[in-house]
Amino acid sequence: MDVTIYHNPECGTSRNALELIQHAGIEPTVIEYLKTPPSREQLVKMIADAGLTVRQAIREKGTPYAELGLSDPQLTDDELLDAMLKDPILINRPFVITPMGTRLSRPSEAVLDILPADAFKGPFIKEDGERVLDDEGKRIV
């Protein structure tokens, strides 16, 4: 299965999503988006395919969001995209793209919606100790 993750290795949610993908036996294409940001066209497509608005795809925590005045409701999508492309830390993460769909995988287990359910053969526990998959590889709800 062809899977791409826009990843930040410093982010626990991103690390957990990557590990879930690998737990499914898939070795994804990993794009460290802070080093290799998506093009404007790619970013617009990811946001749309994930069913989000541009504003929903902006990361506030740990970014210059407030300093840049990005909470201003008068800002257009184009202005927000310009800011995200100029400073990629403003792109929320991780975006994951599979043939089954695109998700902003926050929380990390949202990636399970776009991976084959039968790919998991055992338990999965996130870095913080939260169990996501049971011993049979079934999602814990």
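How each quantity is defined
- Residues numbered from 1 in each chain as written.
- Predicted model: local features only at pLDDT ≥ 70, side-chain atom pairs only at ≥ 80, totals over all residues.
- Heavy atoms only, no water.
- Helix = DSSP H or I, 4+ residues; strand = E, 2+ residues; numbered from the N terminus.
- Contact = heavy atoms within 4.5 Å.
- Salt bridge = Lys/Arg side-chain N within 4 Å of Asp/Glu carboxyl O.
- Buried < 20%, exposed > 50% of the residue type's maximum accessible area, 1.4 Å probe, protein only.

Undergrad: Quick question: what am I supposed to make of the side chain of serine 14 here?
TA: With respect to the helices, strands and loops of the structure, serine 14 is situated in helix H1 (residues 12–23). Aside from chain neighbours lying at most four places away, what touches serine 14 is Ile5, Tyr6, His7, Asn8, Arg93 and Pro94.

Undergrad: Just checking my understanding: could you explain the pattern of salt bridges for this structure?
TA: One side chain can pair with another of opposite charge once the charged atoms of both are near each other. With the rule as written, the count across this model stands at nine salt bridges. With a closest N to O distance of 2.9 Å, lysine 126 and glutamate 109 form a salt bridge. Taken as a pair, lysine 126 in the loop between strand E5 (124–125) and strand E6 (131–133) and glutamate 109 in the loop between strand E4 (101–104) and E5 lie far apart in primary sequence, 17 residues in all. According to the relative accessible area criterion, lysine 126 is buried, its value standing at 10%. Note on glutamate 109: relative accessible area 14%, which makes it buried.

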